[in-house]
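Chain by chain, the residues run as shown.
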2 protein chains.
Amino acid sequence: MTRAETSPSSSNDKPKRPVSIRGVAEHAGVSIATVSRVLNSPELVSPSTAERVQRAVRELGYRPNLFAKSLLTRRSRVIGVSLPDIHGEFYAELMHNADRRACERGYHLLVSSNAHHPDDGPQNGFALDLVDGLIVMLTERVRVDLDAIAGLDIPVTVIGVDPPGMPVETIICDNTIGAARATEHLLVATPPERCFFVGAHVGNLDSDQRATAFASVLRGRGHEPDPRQIAHGEFSFEWGWEWAMERCDEGTLAGSAVLAANDEIAVGIVNAARQRGLDIPRDLRIVGFDDSRICSLLRPELSSVRVPVDEMAREAVDALIRSLEEPGSTPRHIRLATSLVVRDSSRTAPENP
Amino acid sequence: MTRAETSPSSSNDKPKRPVSIRGVAEHAGVSIATVSRVLNSPELVSPSTAERVQRAVRELGYRPNLFAKSLLTRRSRVIGVSLPDIHGEFYAELMHNADRRACERGYHLLVSSNAHHPDDGPQNGFALDLVDGLIVMLTERVRVDLDAIAGLDIPVTVIGVDPPGMPVETIICDNTIGAARATEHLLVATPPERCFFVGAHVGNLDSDQRATAFASVLRGRGHEPDPRQIAHGEFSFEWGWEWAMERCDEGTLAGSAVLAANDEIAVGIVNAARQRGLDIPRDLRIVGFDDSRICSLLRPELSSVRVPVDEMAREAVDALIRSLEEPGSTPRHIRLATSLVVRDSSRTAPENP
DNA sequence: ATACACGATGAAAACGTTTACGAAACACCG
DNA sequence: CGGTGTTTCGTAAACGTTTTCATCGTGTAT
């Protein structure tokens, strides 16, 4: 601080711009156009000069300026990923697979968890101008999101909902199949009036679809589900615990079966039930949703409906890149299936001899 | 398809470039310099023309081209995040908090899980030229990573290791404190020769530090730890299970206490021990590491050493932005503490009356 | 009146690329 | 030897900004 004045011609704060294509051109004794051609379409340049230019590039450690390049080509090879949230391993897995695929195809991922939040700060508009396209994951039935997306002038892939009449690629996972299979599985040993669905709040797309499938199967068995058989809360351990405790206190939990809207809710229910002395699966059979890693870490292992998060991520990236590289192609709508994974928490005696 | 020729002057496949600053200037009857000034330093322009320009911007829906801007300013307001992996909720939490902070400060996150992998594809070099700075998380004691980072000509913040003599900001979490506290906690009711550390592979920075702290506390109690008291495997449920099963078969697990290098290993041990009829914490006391959400979802709840992942993420972003916006400032080295969270899995009778 | 500072604005030069266009060199064919 | 392609390469014009410098009034002090 006190000796800030010393060494006025200090050598360390030189800006030192990186070498540009011009430097390479001079060093190799060619024009900048030739350098550009060597880098982008080598077949247009003679082998001897190409070799000379490549040596110059190597010796000078030249790396092209991507901003200048993008300014001209209008491509950044960056795709934006907008998630409703980044909590929990579900999103970690989603991003892991998306990143992997994007990397394979020479793209990069710009992630943000709040690109479509109400408090739309200036930084969000900023990101939109930087990316070639956008992958948006939607979980709530809110129309405003779709309007905002429709206003975008870049390719978009939507995960989680298939809005009719929107010219975007969509990836959805068919909650119906898995939820229906799970419900049928529960009905094998439990009467319909003792089956429950414990979901998140009304308006959450996944939870609602799962609830609908659950109710539909019950109706198929000639049982119109009582409203109390379908509970709404949130995707949390605490909600599962709370719900189960109330049922226990009413004495209505023993001998029933539960399909939870995600694994965390299921774990809450399991813990509460055992706290009250119920045995899983003897007194309470339960199936979760997502088939997260925790399922096989629990005792008893938790049955769950598998959501193909890895495929969803890969398909989303592929779909976006397709609409990026083949503009004008009609958007596809991909539907991935969910499937039931039966483990100990829902097994009946005859199923596990 | 068959009627592709119709309507030769079809209006839909027009490239339609977005309006540029020039369009705004013409529409407002000013020069492009004035438009730029209105947008970047409004105090330099008279209120009346500023208002006129802003109206033109609004009417035309103008958004500045970030590539052109970055080309000139050499700033993209994007920071790269290079993680060793994106599995599990630890990284989800890290990214969630990093994204949140970056967004608050007007930056965006470009993530990649493989930026420093051996198969260094062209896309990685690509990303480096796009970001203003880089946050790198290191977990392995491999020197080559550091060399590669030193060769970068952009600001870097390193998470996880504090390499001496490198002019970068560093964020490390002090595994020592938490591991030592946990070991002391175990020693309260278990003799030193019955305490075990179950770690990941040798060379993993966190696991090794935790092991060293464990051994150090034992030595402080006058007990030189037997090599068999410190086991090496990997950060997985399966490794914990396997280790515990072997100890059970030897008959050496009952009556002992374990510090696991992460929560997943701990869960594996807990499950194996219970499978063999041991009661937690009566027959086996155990403490995990990371204090992940699963700790409070288990029964008994798992004691664990809390790693301040949220703070790490925020500090990393802040540190990088600092070295971005105040170049020449001497890099800081931030050390965050870990702390023991005692739950049921390690409680002794007197501690829980 | 002259000089001068000052606030508001425009003209033009960058920034580092890609690419259309054209010129030179060369081969081939008549 | 003159036309005609075909490579190969350089010139120069974009791309959309920011920023320096100059210009032009306008008000104020001499």
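Residues numbered from 1 in each chain as written. Chains lettered and ligands numbered in written order. Predicted model: local features only at pLDDT ≥ 70, side-chain atom pairs only at ≥ 80, totals over all residues. Heavy atoms only, no water.

**Q** Describe the overall build of chain A, naming the residues involved and giving the relevant values.
**A** What chain A contains, in helices and strands, is 13 helices and 12 strands. Across the 353 residues of chain A, 52% fall into the buried class. Of the contacts made within chain A by residues no fewer than 6 positions apart, 71% connect residues no fewer than 24 positions apart. Of the roughly 16,700 Å² of accessible surface on chain A, 52% is carried by carbon and sulfur atoms. (Helix = DSSP H or I, 4+ residues; strand = E, 2+ residues; numbered from the N terminus. Buried < 20%, exposed > 50% of the residue type's maximum accessible area, 1.4 Å probe, protein only. Contact = heavy atoms within 4.5 Å. Areas by Shrake-Rupley, 256 points an atom, 1.4 Å probe, with all protein chains shown as cover.)

**Q** Describe the protein's contact with DNA strand C, listing the residues and the values that go with them.
**A** Around DNA strand C, the surrounding shell holds 28 residues, and the nearest of these are S36 and L72 of chain A together with T34, L72 and R74 of chain B. The protein-proximal atoms of DNA strand C, defined as those within 4 Å of the protein, are 62% sugar or phosphate. With respect to DNA strand C, the side chain of S36 of chain A contributes an N or O atom lying 2.6 Å from a phosphate oxygen. One of the side-chain nitrogen or oxygen atoms of Y62 of chain A is found 2.9 Å away from a phosphate oxygen of DNA strand C. For the surface near DNA strand C, the secondary-structure elements that each account for two or more residues are helix 2 (32-40) and helix 4 (66-73) of chain A together with helix 2 (32-40) and helix 4 (66-73) of chain B. When grouped by side-chain class, the residues that make up the surface near DNA strand C number 14 nonpolar, 9 polar and 5 charged. (Near = heavy atom within 4 Å. Polar contact = N/O pair within 3.5 Å; in protein donor to acceptor, adjacent residues only side chain to side chain. Nonpolar A, V, L, I, M, F, W, Y, C, P; charged D, E, K, R; others polar.)

**Q** Can you lay out the sheet that holds strand 12 (residues 339-341) of chain B for me, pointing to particular residues and giving the numbers?
**A** All names here are of chain B. If you trace the 6 strands from one edge of the open sheet to the other, you get 7-6-8-9-10-12, paired in mixed fashion. The open sheet has two edge strands, strand 7 (230-232) and strand 12, and neither has a second partner. Between one strand axis and the next, the sheet turns through 20° on average, direction left out of account. Bridge count for strand 6 (residues 195-199) against strand 7 is 3 bridges, and the pairing is parallel. (Pairing = 2+ DSSP bridges. Axes fitted to C-alpha atoms, helices over the stretch in contact; angles between N-to-C directions.)

**Q** Could you give an account of the protein's contact with DNA strand D, with specific residues and numbers?
**A** Looking at DNA strand D, there are 27 residues lining it, with T34 and R74 of chain A together with I21, S36 and L72 of chain B nearest. Each atom of DNA strand D within 4 Å of the protein was classed as base or backbone; sugar and phosphate made up 61%. In the model, a phosphate oxygen of DNA strand D is placed 2.9 Å from a nitrogen or oxygen of the S31 of chain A side chain. A distance of 2.8 Å separates a phosphate oxygen of DNA strand D from a polar atom in the side chain of N40 of chain B. Looking at the surface near DNA strand D, the elements with two or more residues in it are helix 2 and helix 4 of chain A together with helix 2 and helix 4 of chain B. With 5 residues, the single largest contributor to the surface near DNA strand D is helix 2 of chain B. Among the residues making up the surface near DNA strand D, the classes are represented as 13 nonpolar, 8 polar and 6 charged.

**Q** Give a description of helix 2 of chain B that names residues and reports values.
**A** Residues and elements named next belong to chain B. For helix 2, the complete set of buried residues consists of T34, V35 and V38. The buried residues of helix 2 occupy an angular sector of 100° when projected down its axis, which confines them to one face. Looking at the packing, one finds that the buried side of helix 2 touches helix 1 (21-28) and helix 3 (47-60). (Arc of directions from axis to C-beta.)

**Q** Summarise the relation of the copies chain B and chain A; cite the residues concerned and give the values.
**A** Laying chain B over chain A is done by rotating through 180° and shifting 0.0 Å along the axis; what remains is an RMSD of 0.1 Å. The transformation just described matches what one would write down for a two-fold rotation axis. Mapped onto chain A, 100% of the interface residues of chain B again fall at the interface, so both copies present the same surface. (Least-squares fit on C-alpha atoms with pLDDT ≥ 70 in both.)

**Q** So what's going on with the interface of chain B and chain A? Which residues, and what values?
**A** Tallying the contact residues gives 52 residues for chain B and 52 residues for chain A. Both faces considered, chain B and chain A share a buried interface measuring about 5,200 Å² in area, 61% of it formed by carbon and sulfur atoms. Counting across the chain B and chain A interface gives 6 salt bridges. R293 of chain B is the salt-bridge partner of E264 of chain A, the closest N and O atoms lying 2.4 Å from each other. Applying the counting criterion to the chain B and chain A interface returns 12 residue pairs in polar contact (both at pLDDT 80 or more). Every element with two or more residues in the side of chain B that touches chain A is listed here: helix 4, helix 5 (88-104), strand 2 (108-112), helix 6 (122-128), helix 10 (237-250), helix 11 (263-275) and helix 12 (294-297) of chain B. Across the side of chain B that touches chain A, the residue classes break down as 23 nonpolar, 15 polar and 14 charged. Where strand 2 (residues 108-112) of chain A and strand 2 of chain B come together, 3 bridges link them in antiparallel fashion. (Buried area = accessible area lost by both parts, 1.4 Å probe. Salt bridge = Lys/Arg side-chain N within 4 Å of Asp/Glu carboxyl O.)

**Q** Before we move on, could you go through unusual backbone geometry and cite the residues and values that matter?
**A** Here R299 of chain A and P300 of chain A are connected by a cis peptide whose omega angle stands at -5°. By the secondary structure assignment, P300 of chain A is in the loop between helix 12 (294-297) and strand 10 (303-306). Across the junction of I280 of chain B and P281 of chain B, the peptide omega takes the value 5°, indicating a cis bond. A positive phi angle, close to 60°, is found at R74 of chain A, a residue other than glycine. Relative to the elements of secondary structure, R74 of chain A occurs in the loop between helix 4 and strand 1 (78-82). Judged by relative accessible area, R74 of chain A falls into the partly exposed class, the value being 45%. Even without a glycine there, the phi angle at R77 of chain A is positive, about 55°. Its location among the elements puts R77 of chain A in the loop between helix 4 and strand 1. Taking the relative accessible area as the measure of exposure, R77 of chain A reaches 33% and is therefore partly exposed.

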